[in-house]
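Chain by chain, the residues run as shown.
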Amino acid sequence: MSDYLLEIKDVSKFFHGLVAIDDLSMKVKKGQIYGIIGPNGAGKTTLFNCITGLYTPEKGEIIWEGKKINGIAPYKIAELGILRTFQTIRLFSEMSVAENIMSGRHIKSNQKWYNGIIHTPSMKKDEKKNWLKVGELMDFFELSKYATTPAGDLSYGLQRRIEMARALAAEPKLLILDEPAAGLNENETIKLAQTIRKVRDQGVTILMIEHDMDMVMSLCEYITVINFGAKISEGEPSFVQDDPVVIEAYIGSDEDE
Amino acid sequence: MRQSYKIAIVFLIVMGFFPLFSNSSWLAVGTTFLIYSVVAFSQDIILGRAGAFQMGHALFFGLGAYATAILNVHFGVPIIYTFIPAILIPLIMAIVLAGPIIHLKGDYLLVATIGFNIIFIQVIQNDVFGLTGGPNGIFGIDVVRIFGVEFMSQTAIYYMSFILLTLTLLIMRNLDASKYGRAMFYINKDDIAAQSMGINVRYYKLYAFALGSAIAGAAGSMFAIQYSAVSPEAFNVVQSIMFFTIVLVGGSASLPGVLIGTFVMFVLPEIFREFATARYLVFGLAMILTMILRPRGIWPVKFGNIPNYLKKDTK
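A brief report on the enclosed structure follows. Keep in mind that this is a model prediction, so the values were computed, not measured.

**Some points on the overall build of chain B**
Check the secondary structure of chain B and you find 12 helices and four strands. Whereas a compact globule of 315 residues would reach a radius of gyration of roughly 20 Å, chain B reaches 19 Å, a difference of no more than 12%. In terms of principal-axis extent, the alpha carbons of chain B reach across some 65 × 45 × 45 Å. When burial is assessed residue by residue, chain B has 56% of its 315 residues classed as buried. The long-range fraction of contacts in chain B, counting pairs at least 24 apart against all pairs at least 6 apart in sequence, stands at 77%. Roughly 13,600 Å² of accessible area belongs to chain B as shown, and the carbon and sulfur atoms make up 71% of that amount. Each charge sign in chain B was given a centre, from 19 positive and 12 negative side chains, and these centres are 14 Å apart.

**A closer look at the overall build of chain A**
What chain A contains, in helices and strands, is nine helices and 10 strands. In terms of overall size, chain A behaves like a compact globule, its C-alpha atoms giving a radius of gyration of 19 Å where 257 residues would be expected to give roughly 18 Å. Its C-alpha atoms give chain A principal-axis dimensions of roughly 60 × 40 × 35 Å. Of all 257 residues assigned to chain A, the portion counted as buried reaches 53%. For chain A, long-range pairs separated by at least 24 residues make up 67% of all intrachain contacts whose partners lie at least 6 apart in sequence. Counting only carbon and sulfur atoms, one obtains 50% of the accessible surface of chain A, whose full area is about 11,300 Å².

**Considering the nonpolar core**
Counting residues in each nonpolar core, the largest one holds 144 residues, and the members touching the most others are Ile101(A), Ile196(A) and Phe235(B). Take this core: its biggest share by element is 15 residues, from helix H9 (residues 201-227) of chain B. Apart from residues lying up to four places away in sequence, Ile196(A) is in contact with Ile33(A), Met164(A), Leu177(A), Pro180(A), Ile206(A), Met208(A), Met215(A) and Leu219(A). Counting residues in hydrophobic clusters, the runner-up holds 25 residues, among them Met26(A), Ile69(A), Ile82(A) and Leu207(A).

**Observations concerning unusual backbone geometry**
Within the chain, His16(A) stands out as a residue other than glycine whose phi angle is a positive 50°. Mapped onto the fold, His16(A) is located in the loop between strand S1 (4-15) and strand S2 (18-29).

**A look at the pairing of strand S4 (residues 59-64) of chain A**
On any regular strand, side chains alternate: one points to one face of the sheet, the next to the other face. Residues and elements named next belong to chain A. Taken together, the five bridges between S1 and S4 define a ladder with antiparallel strand orientation. Bridge pairing links Leu 6 to Trp 64 in S4. Two elements, S4 and strand S5 (residues 67-68), share two bridges in a ladder whose sense is antiparallel. Directly across from Trp 64, in S5, lies its bridge partner Lys 67. Linkage of S4 to S5, two consecutive antiparallel strands, is achieved through a turn of two residues, within which Glu 65 is found at a positive phi near 45°.

**Observations concerning helix H3 (residues 58-75) of chain B**
Residue and element names in this part refer to chain B. Relative to the 26 Å expected for 18 residues at 1.5 Å per residue, H3 spans 24 Å between its end C-alpha atoms, a close match to the ideal helical length. Taken across its 18 residues, H3 has 14 buried, putting it largely inside the fold. Gly 76, located one to two residues past H3, shows a positive phi value of around 70°.

**Thoughts on the pattern of salt bridges**
All names here are of chain A. In this structure the tally under the stated criterion is 20 salt bridges over all chains. Glu 65 is the salt-bridge partner of Lys 173, the closest N and O atoms lying 3.3 Å from each other. Residue Lys 173 is found in the loop between helix H5 (156-169) and strand S7 (174-178), and its partner Glu 65 is found in the loop between S4 and S5; the two are separated by 108 residues along the sequence. Across the pair Lys 133 and Glu 136 runs a salt bridge, and its minimum N-O distance is 3.9 Å. With Lys 133 and Glu 136 both in helix H4 (residues 121-140) and three residues apart, this pair spans about one turn of that helix.

**Re the environment of Ala28(B)**
All names here are of chain B. With respect to the element layout, Ala 28 can be found in helix H2 (residues 24-49). Here Ala 28 falls in the partly exposed class, since its relative accessible area comes to 22%. When the C-alpha atoms of Ala 28 and His 74 are compared, they prove to be 26 Å apart, with 46 residues separating the residues in sequence. Apart from the residues lying within four places of it in its own chain, the contact partners of Ala 28 are Gln 154 and Gln 226.

**Here's the deal with the sheet that holds S4(A)**
Pairing is antiparallel in the open sheet, where four strands are placed in the order S2-S1-S4-S5 (chain A). What marks the edges here is a single partner per strand, and that holds for S2 and S5 of chain A.

**Notes on the packing of helix H4 (residues 79-98) of chain B against H9(B)**
Residues and elements named next belong to chain B. As a packed pair, H4 and H9 sit with axes 7 Å apart at the nearest point and diverge in direction by 145°. In the packing of H4 onto H9, the handedness of the crossing is right-handed. On H9, the residues that touch Ile 79, Thr 82, Phe 83, Ala 86, Ile 87, Pro 90, Leu 91, Ala 94, Ile 95 and Ala 98 of H4 are Leu 206, Phe 209, Ala 210, Ser 213, Ala 214, Gly 217, Ala 218, Ser 221, Met 222 and Ile 225. Each residue belonging to the contact of H4 with H9 can be placed in one class, and the counts come to 16 nonpolar, four polar and no charged.

**Brief notes about the interface of chain B and chain A**
If you look at the interface, chain B gives 38 residues, while chain A gives 43 residues. Contact between chain B and chain A buries roughly 3,800 Å² in total, counting both sides, with carbon and sulfur atoms accounting for 63%. Of all residues in chain B, Lys179(B), Tyr186(B) and Met197(B) give up the largest surface area on contact with chain A, accounting jointly for 19% of the area buried on that side. Viewed at the interface, chain A and chain B are joined by four salt bridges. The closest approach of N and O atoms between Glu94(A) and Arg296(B), which form a salt bridge, is 3.5 Å.

**Side note on the sheet that holds strand S3 (residues 33-37) of chain A**
Residues and elements named next belong to chain A. Taking strand neighbours across the sheet as the criterion, the six strands line up as S6-S7-S8-S3-S9-S10 in an open arrangement whose pairing is mixed. In this open sheet, the two strands that pair with only one neighbour each are strand S6 (82-84) and strand S10 (230-235). Each adjacent strand pair in this sheet contributes to an overall mean axis angle of 20°, direction not counted. As paired strands, strand S9 (residues 222-227) and S10 are joined by five bridges and run antiparallel to one another. Each bridged residue has a counterpart across the sheet, and for Ile 223 the counterpart in S10 is Gly 235. Along the sheet face, helix H1 (residues 44-51) touches S3, S6, S7, strand S8 (205-209) and S9 and points at about 140° away from the line of S8. Packing against the sheet, helix H6 (residues 186-201) makes contact with S3, S7 and S8, and its axis sits at approximately 150° to S8.

Reading the values: the criteria
Residues numbered from 1 in each chain as written. Chains lettered and ligands numbered in written order. Predicted model: local features only at pLDDT ≥ 70, side-chain atom pairs only at ≥ 80, totals over all residues. Heavy atoms only, no water. Helix = DSSP H or I, 4+ residues; strand = E, 2+ residues; numbered from the N terminus. Rg over C-alpha atoms; globule rule 2.2 N^0.38 Å. Buried < 20%, exposed > 50% of the residue type's maximum accessible area, 1.4 Å probe, protein only. Contact = heavy atoms within 4.5 Å. Areas by Shrake-Rupley, 256 points an atom, 1.4 Å probe, with all protein chains shown as cover. Lys, Arg positive; Asp, Glu negative; His and termini not counted. Charge placed at Lys NZ, Arg CZ, Asp CG, Glu CD. Core = buried A, V, L, I, M, F, W, Y, C linked by side-chain atoms within 4.5 Å. Pairing = 2+ DSSP bridges. Expected span 1.5 Å × (residues − 1). Salt bridge = Lys/Arg side-chain N within 4 Å of Asp/Glu carboxyl O. Axes fitted to C-alpha atoms, helices over the stretch in contact; angles between N-to-C directions. Left-handed = near helix turned anticlockwise from the far one by under 90°. Nonpolar A, V, L, I, M, F, W, Y, C, P; charged D, E, K, R; others polar. Buried area = accessible area lost by both parts, 1.4 Å probe.

That is the geometry; function is a separate question.
Shown next, in the form of C-alpha cells:
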C-alpha cells in the first residue's frame, strides 16, 4: 500500500459534453494540509463532489487507502472517513447547533432499528456518549452558548464553524473544506487557520479549496493549481507562488471579470 | 422536560377522564378522535419528520382495518389476534410499494402515492377474491374478547383507543431522542448534507414509511372495532388529503400541533354539526388562512431538544 491517503488518477468529469475536470491527477499524503486553488469556475468544487460521491467521474480513478471509491454512494464515502463542508453553507438551519453537530455522530452511533421505537440501556449509553462528544466539539469551537439556538439564526462565521464541527464529529480521516474562509473577516480567518492546524495535529488530513491566498500560502504544505478543470501547477507554496503559469492564470482570469 | 411532552401528558390525563363527563355519542366522537390522532401521528412520521410527501396514507390505515375485518369475519380469527397482521401487512406493503418510488422528490412522490391509494380503493370496491365485500364493505366484525371477557361497551373501546394513542405518543417521544428520528429530520432539512454526513437517505425514508404505515395499520384495526364495519370510502384519497392537511395545519413534527390539527379537522366539524354544510366553508377558509399566516402550522415544532448537561449558560 502506498503512503498516500487519497489519490486522484486521470479523473475527468463532463457536463453535457463540456469538460469540468480534465484528466486531473493528485496525491494527498496522510497528515498533510493540502490546498487546491484556481480561478472561479476552474472545477475545484466539482472535484470535491467527485471525491465525496455526489458526482461520478466519467474517467479515471479515485483511490482511498488503496481502494477505488468512485461511483460509491455519498453516505458510504462518509463511512470511509471522508467528511466535508460546503462552499454554500448547508446546515440544518431550523435545528439547533447541538443537533446539527450531532448529525456528525450518526455513523459513530451503533443504535439499532428498534431503538427508534424502544430505548434500551445500551442505546441510552450510546446516546449519552455521542451527546458528550457534541459537547466537546461545541467547547472546542466555542459554540456552547449557542447549543440550543437554531443554526440558521447565527452569523456566517459561526455557521462555518458549526459546519466544521459537524464534519469533525464523525471523526474523519480526511476533512474536506470548501472555501472555509469565504465571508469571514480577518480575525475570524486567522482563528480559522489556527483551528485547522489544531485539527491536523489531532491526526486529521486536510484537503481544502481556498481563495484567500495569504491563508493558503501560510497554511498549506502542498498545493495544486487548477484552471479550466486541468492541473496547471503543483508543489510547495513557495514554488507555486512564483510559477509563471499560475501568475498568468490568475491575471488572465482577472481580465475576464 | 420538553414542553411538548408536558402538553402531551396533560392531554392524555384530560382524555383519560373524558368518559366520566360525556354521554355515549360524545364518547364515540372521542374514540374517533383518538384513532384519527394515531393516524395523524403516523402520517407525521412520514411527512412531518422524514419530509416525504405521502398523500396515500389512508391506504395503510385501510389495510389495517381490512386485515382485521377479513380475518375476523371470513376466517373467524379472534379480534385480538388480528392486531398483529393488521400491523405487519401495512408495514410490509409500505416497504414493497414505497421501495421503488422512495427516491422521488416532493410532488412526484405525492402523485405516485395518490396513485397507490386510488388503486387500493378500486381493488376493495371490486370485491377481490370475494373477501373485501365490494362498495358496501364488511359488516359484523366481532367484539374484542380477552380470556372470555367481552370488551364491547363504547367506554371499553374508548380506552383501547386511548392505550393505542398513549403507545403512539411513547413511540414519538422515543423516536425524537434517537439516531433514527434525528436522521429523518436531517434528510428532511437538507438531504445532500445528510448524505455527506453518512446518512443513507433511502434507508431512513423507508424506515419512516414502514413505521408510519405499521402504526396506521394498528389504528385501522381499532377503527374496524369501533364501527364493527369497514367500507371503502373511509380510506379513499379524500381521507388521505385530510391526514396530510392535519399535519401541515397543525404543525409538522409537533406533538401538540398534530393533536390540534386532528381536533380542528375532525372534532370541530362534529361540534358544529348543526350548522350543516356551512361549516366546511369555514374549515376551508381556516385551512387557507393557516397556510398564509402560519406556514409552519398552528403550533410549529421547536427544535433544540438536547440533554440538559449540554445547556450551558451564556458566558
